[in-house]
2 protein chains.
Amino acid sequence: MYVVLLSGGSGKRLWPLSNDLRSKQYIKLLPDPYDPTRQVSMVQRVWKQLERAGLAKGALVCAGRSQQEILQAELGDVPLAMEPERRDTFPAIALSCTYLVSKMGAKADDVVCFIPVDPYVDDGYFETLKKLEQVVKATGSDIVLMGAEPTYPSSKYGYILPAQKHEGYIDVAGFKEKPEEPVARELIKKGALWNCGVFCFRVGLVLEKLKGYDAPTTYHALFDAYGKLPKRSFDYEVLESAKNLKAVPFVGMWKDLGTWNTLTDEMSTNTHGRVIMSDKNENTHAINELDIPVVVSGMKDTVVVAAYDGILVSSKEESAHLKDLLKEFQQSPMYEEKKWGVVKTIDQNEHSVTTKVVIQQGMCATLSLNGKCMQVEVIEGSGLIDGSSAQLGSTFSCGKEVEIKACSVLVCIVVTLR
Amino acid sequence: MYVVLLSGGSGKRLWPLSNDLRSKQYIKLLPDPYDPTRQVSMVQRVWKQLERAGLAKGALVCAGRSQQEILQAELGDVPLAMEPERRDTFPAIALSCTYLVSKMGAKADDVVCFIPVDPYVDDGYFETLKKLEQVVKATGSDIVLMGAEPTYPSSKYGYILPAQKHEGYIDVAGFKEKPEEPVARELIKKGALWNCGVFCFRVGLVLEKLKGYDAPTTYHALFDAYGKLPKRSFDYEVLESAKNLKAVPFVGMWKDLGTWNTLTDEMSTNTHGRVIMSDKNENTHAINELDIPVVVSGMKDTVVVAAYDGILVSSKEESAHLKDLLKEFQQSPMYEEKKWGVVKTIDQNEHSVTTKVVIQQGMCATLSLNGKCMQVEVIEGSGLIDGSSAQLGSTFSCGKEVEIKACSVLVCIVVTLR
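Parameters at a glance
- Residues numbered from 1 in each chain as written.
- Chains lettered and ligands numbered in written order.
- Predicted model: local features only at pLDDT ≥ 70, side-chain atom pairs only at ≥ 80, totals over all residues.
- Heavy atoms only, no water.
- Helix = DSSP H or I, 4+ residues; strand = E, 2+ residues; numbered from the N terminus.
- Contact = heavy atoms within 4.5 Å.
- Buried < 20%, exposed > 50% of the residue type's maximum accessible area, 1.4 Å probe, protein only.
- Pairing = 2+ DSSP bridges.
- Right-handed = clockwise from strand over helix to strand, strands pointing away.
- Buried area = accessible area lost by both parts, 1.4 Å probe.
- Salt bridge = Lys/Arg side-chain N within 4 Å of Asp/Glu carboxyl O.
- Axes fitted to C-alpha atoms, helices over the stretch in contact; angles between N-to-C directions.
- Phe/Tyr/Trp six-rings, centres within 6.5 Å; stacked < 30°, edge-to-face > 60°.

Asks: How should the environment of Val353 of chain B be read in this particular structure?
Replies: Residue position: Val353 of chain B is located in strand β22 (residues 352-359). Sequence-distant contacts of Val353 of chain B, defined by excluding residues within four places in its chain, comprise Thr345, Asp347, Gln348, Val414, Val415, Thr416 and Arg418 of chain B.

Asks: What is the right way to read helix α1 (residues 42-52) of chain A from this model?
Replies: A turn of α-helix holds 3.6 residues, and therefore any two residues three or four places apart point the same way. Residue and element names in this part refer to chain A. In terms of burial, α1 is largely enclosed, as eight of its eleven residues are buried. Those residues of α1 lying buried are Met42, Val43, Gln44, Arg45, Val46, Trp47, Gln49 and Leu50. After α1 finishes, the residue Gly54 shows a positive phi value of roughly 75°.

Asks: Honestly, the pairing of strand β5 (residues 80-83) of chain A in this entry has me stumped. Any pointers?
Replies: On any regular strand, side chains alternate: one points to one face of the sheet, the next to the other face. Residues and elements named next belong to chain A. The side-chain alternation of β5 yields two buried faces, one formed by Leu80 and Met82 and the other by Ala81 and Glu83. The pairing of strand β4 (residues 59-64) with β5 spans four bridges and is classified as parallel. Considered in β5, the bridge of Gly64 is made with Glu83. Running through helix α2 (residues 68-75), the crossover from β4 to the neighbouring parallel element β5 is right-handed.

Asks: Looking at this structure, how should I read the interface of chain B and chain A?
Replies: Frequently, the measure chosen for interface size is the accessible area removed from exposure when the parts meet. Listed per partner, the contact involves 49 residues of chain B and 49 residues of chain A. Note on chain B versus chain A: buried area summed over both sides is about 4,200 Å², and carbon and sulfur give 66% of it. When the buried area of chain B at its contact with chain A is split by residue, Val295, Ile311 and Val313 of chain B rank highest and sum to 15% of it. At the surface where chain B touches chain A, the tally comes to four salt bridges. Between Lys280 of chain B and Glu318 of chain A there is a salt bridge whose closest N-O contact spans 3.8 Å. Looking at the side of chain B that touches chain A, the elements that each hand over two or more residues are β17 (294-297), β18 (302-307), β19 (310-315), β21 (341-348), β22, β24 (373-380) and β29 (410-417) of chain B. A per-element tally of the side of chain B that touches chain A places β19 of chain B first, with six residues.

Asks: Could you clarify how one ought to interpret the sheet that holds strand β20 (residues 335-338) of chain A in this entry?
Replies: For sheets, the rule is that strands pair by backbone hydrogen bonds, running either parallel or antiparallel. All names here are of chain A. With antiparallel pairing, the six strands of this open sheet are ordered in space as β20-β21-β22-β29-β24-β27. This sheet does not close on itself; its edge strands, each paired only once, are β20 and β27 (395-398). Each strand axis lies, on average, 20° off the axis of its neighbour in the sheet, ignoring direction. Note that β20 and strand β21 (residues 341-348) share four bridges and pair antiparallel. Bridge assignment links Tyr335 to a residue of β21, and that residue is Lys344.

Asks: Help me out: how do you make sense of the packing of aromatic side chains in this one?
Replies: Under the defined criterion, the tally for this structure stands at 26 aromatic pairs over all chains. Where Trp194 of chain B meets Trp254 of chain B, the ring centres are 6.1 Å apart and the plane angle is 40°; that geometry is what we call tilted. With Trp194 of chain B in strand β11 (residues 193-202) and Trp254 of chain B in strand β13 (residues 254-255), this pair connects stretches of sequence that are 60 residues apart. Trp194 of chain B gets classed as buried once you look at its relative accessible area, which sits at 4%. Through successive ring pairs, a cluster of aromatic residues spans Phe114, Phe199, Phe201 and Phe234 of chain A.

What follows is the structure in structure tokens.
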């Protein structure tokens, strides 16, 4: 069976740690599921779980091009289907299917499960994925979904409505998006399940849809023609017309860690980074990515997050509404994770940008900071800058671009004129 | 009459805005008493009040050497008695008296008032100072104090105990430091006053004490011999043996803005710097000196302060105990105000320090950052660096020292190797 992790766009719900270049799925704040002393990101956690379940060898990540570097930095060399631009879920799923065919040897009859990149779940979730494949094969259903057994009448989730119950799966009668609480209570009584956003089907189903659009069914050709695919969701384009929809129930932990109050609940420590907490705090978390120390005292039910993009101080309750608060707020990202290291903006004005660039040992970086000219000064480590030997104190004046190779971990202060 | 503003040492009670180089008296967060649209520091506010009361022409500031630059930056060219090292209040007061004699033409018989540099008071305070002088002259008292009429039985202040009441002043029977609340209540019933830390006396009183120690009575000579003066308080060395102690009552606003909860009470706005406050906050203040935006939501009775030295998030109540919390915390200052501008540390590691240096128009700066070598890059403005013309993009490699002259406001990124 193939598994595709569908990576959504960037969001502001975990600002200031998430920005246009770093989405919430890449923030390393969660305990490693198999080694709680280490901290991993959502995508690293899921990938580890896929490996443990024996599903990683057929797994693929589908994401926007801007996420390529951070994905490789976090997961290493895993298969990546890169969306040349953001469209919607149908184009992304179609591109992934062509990748499976062109690059991973998938046949039209093979089964694939699409899952979100950021489910916070226990290992049972991945065993349930295997059952989805069995149901596709056994029943001839077009699409099999995963439905979590509701634990309370949430008005935040979508519900899968049951028609008939079978051994291990149900027939799907329809869907209900985010019902009011009393409605949700009624639905649960009737056996409705939370829609986990998981789709399992034969690869051919989507290839046929592509043919219907006269679109190519190989990866590189579809990549080039991506802009011509309709900007439509998979739900609208495929799910609504699918025959014999089934769903497999999942009983176990299934959480959305999309806001600071839900994410901090899962952290194994109350602080991260350089934080001094007095003993007068209650249910308070502080996360600090800056070198500047953070001191927290006398706070209750509060989250403090200090990062290059901003400093957030919020009650946990209000942190769920961050997206609305930041609607008007525009700023270019000040922290960027690259395959070879990180770039942090430490100062900027009208005329210049000063960044601290860290290049990991053995890595090569090409900096092109849209500047008229660049001044690079090495403040740690050694390497080659535009072919010349560079060590602590070496200074280079460069043009629009500079090639840096790090022998040891190399840290530079780079001043770019706009 | 002469007036000396005695500037205390640095403190951590207003961390992170106060550090070893910037004390609380220099932080510009208070409304200008005569133009509430402008913000001034404690020392600027007091100086303006002295001017308004006609007392500035005989006024002097006494402070540690490390405060010289910031005092000149904030007050301009006012008379400064500089302690070559920190000892205690007796040496500081004695040095100030010699300054009055050597530099300002004071005679032994002239009267001087010593006041703290940071009283948050109304203009009546300065009119009361004039009464202190009259009482010294009229009664022949060695020392006349100012006593604020208590408004509640505080256990945080010292009390002046009355012997006999006269028209406009009292005879002092003794003192009581920080009594328990019930004791304070009894004292107030008997007419005790809060000790404002103001001493008024004839200059000769202290000159005689200096002679008793065989210490010089001229400014430069005492400056050189400063290390030999006893490390003792004025209270111990002079006040306790003084004859005919009197005190003049002061009725009016008199506050100690030494902690964040008291200081924020006096701010004219709830935010300072780049701050986004949601409409879900209550009695919350946010002060931001960084370029990184601060977002505050859902907070109550909280103070948030973001500066180069640190980020504080505290309930107002706990902010009064900051000094204890930071007892163990040691860090060199990351923000330094100079006569010619400011130096902000934007990055540092084992091998290097990167600073952003702002030099005001027309000013000259000598940088000597204890480094082996320095790299200076101009990112705004123009001027002369070690005699050569410098503008946007100019880069200089320097040795231990560099001379910078700013034609317009000049901003540089300076990387120093340790």
